[in-house]
Amino acid sequence: QVQLVESGGGLVQPGGSLRLSCTASITSFSLYAVGWYRQAPAKERDVVAAVTSFGNINYADSVKGRFTISRDNAKKMVYLQMNSLKPEDTAVYYCNCNYGSWRDYWGQGIQVTVSS
């Protein structure tokens, strides 16, 4: 059974940093595109950052220059380094692994709150 488990969330002051981690129990993890999404209250879930199996990376405009996504295929992990956090970054963050329509997996989500 596929499982994605996020960790590293919490409460941080504006300007602070957090590092999210996602552990994936997926066979052939290196073939998957992986990404981080977030959903704030009363808003849709949006992509924050994603990296393909080839290593191509994309970021949402709102996080460019502040967030860095990375993956470790040997450990089957995905990371999101978040710096210069703002209150508007507050959301539930989700890890996603995708290999086509039939293989699209989500973590349970983890809360990130940026507040003084």
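Note: the structure precedes this text.
Criteria and cut-off values
- Residues numbered from 1 in each chain as written.
- Predicted model: local features only at pLDDT ≥ 70, side-chain atom pairs only at ≥ 80, totals over all residues.
- Heavy atoms only, no water.
- 1 Å grid on protein atoms, 1.4 Å probe; cavity = no way out; pocket = protein on both sides within 12 Å on 5 of 7 lines; lining within 4 Å.
- Points joined across faces, edges and corners; volume = space filled by probe spheres on them.
- Helix = DSSP H or I, 4+ residues; strand = E, 2+ residues; numbered from the N terminus.
- Nonpolar A, V, L, I, M, F, W, Y, C, P; charged D, E, K, R; others polar.
- Phe/Tyr/Trp six-rings, centres within 6.5 Å; stacked < 30°, edge-to-face > 60°.
- Buried < 20%, exposed > 50% of the residue type's maximum accessible area, 1.4 Å probe, protein only.
- Contact = heavy atoms within 4.5 Å.
- Polar contact = N/O pair within 3.5 Å; in protein donor to acceptor, adjacent residues only side chain to side chain.

1. Overview of the layout of surface pockets
Point 1. Within this model, the largest pocket holds a volume of roughly 160 Å³.
Point 2. It is strand β5 (residues 46-51) that provides the largest number of residues to the lining of the largest pocket, a total of three residues.
Point 3. By residue class, the composition of the lining of the largest pocket is six nonpolar, three polar and five charged.

2. A look at the packing of aromatic side chains
Point 1. This model, assessed by the stated rule, comprises four aromatic pairs.
Point 2. Ring geometry for Tyr37 against Trp106: centres 4.9 Å apart, planes inclined by 65°, an arrangement best described as edge-to-face. In this pair, Tyr37 is assigned in strand β4 (residues 33-39) and Trp106 in strand β10 (residues 104-106), connecting sequence segments 69 residues apart.
Point 3. Exposure remark for Trp106: the relative accessible area of 33% places this residue in the partly exposed category.
Point 4. Measuring from ring centre to ring centre gives 6.5 Å for Tyr94 and Trp106, while their planes differ by 80°; the resulting arrangement is edge-to-face. A residue pair is termed long-range when its members are at least 10 positions apart, and Tyr94 in strand β9 (residues 91-98) and Trp106 in strand β10 qualify at 12 residues.
Point 5. Using a relative accessible area of 12% as the deciding quantity, one classes Tyr94 as buried.
Point 6. Ring pairing ties together the aromatic residues Tyr32, Tyr99 and Tyr105, which thus form one cluster.

3. A closer look at the environment of Asn73
Point 1. Relative to the helices and strands, Asn73 is located in the loop between β7 (67-72) and β8 (77-82).
Point 2. A relative accessible area of 34% places Asn73 in the partly exposed class.
Point 3. Asn73 sits 42 residues away from Leu31 along the chain, and the two C-alpha atoms are 9.2 Å apart.
Point 4. If we skip the residues at most four places from it in the chain, Asn73 touches Phe29 and Ser30.
Point 5. Polar side-chain contacts of Asn73 include one of 2.8 Å to the side chain of Arg71.

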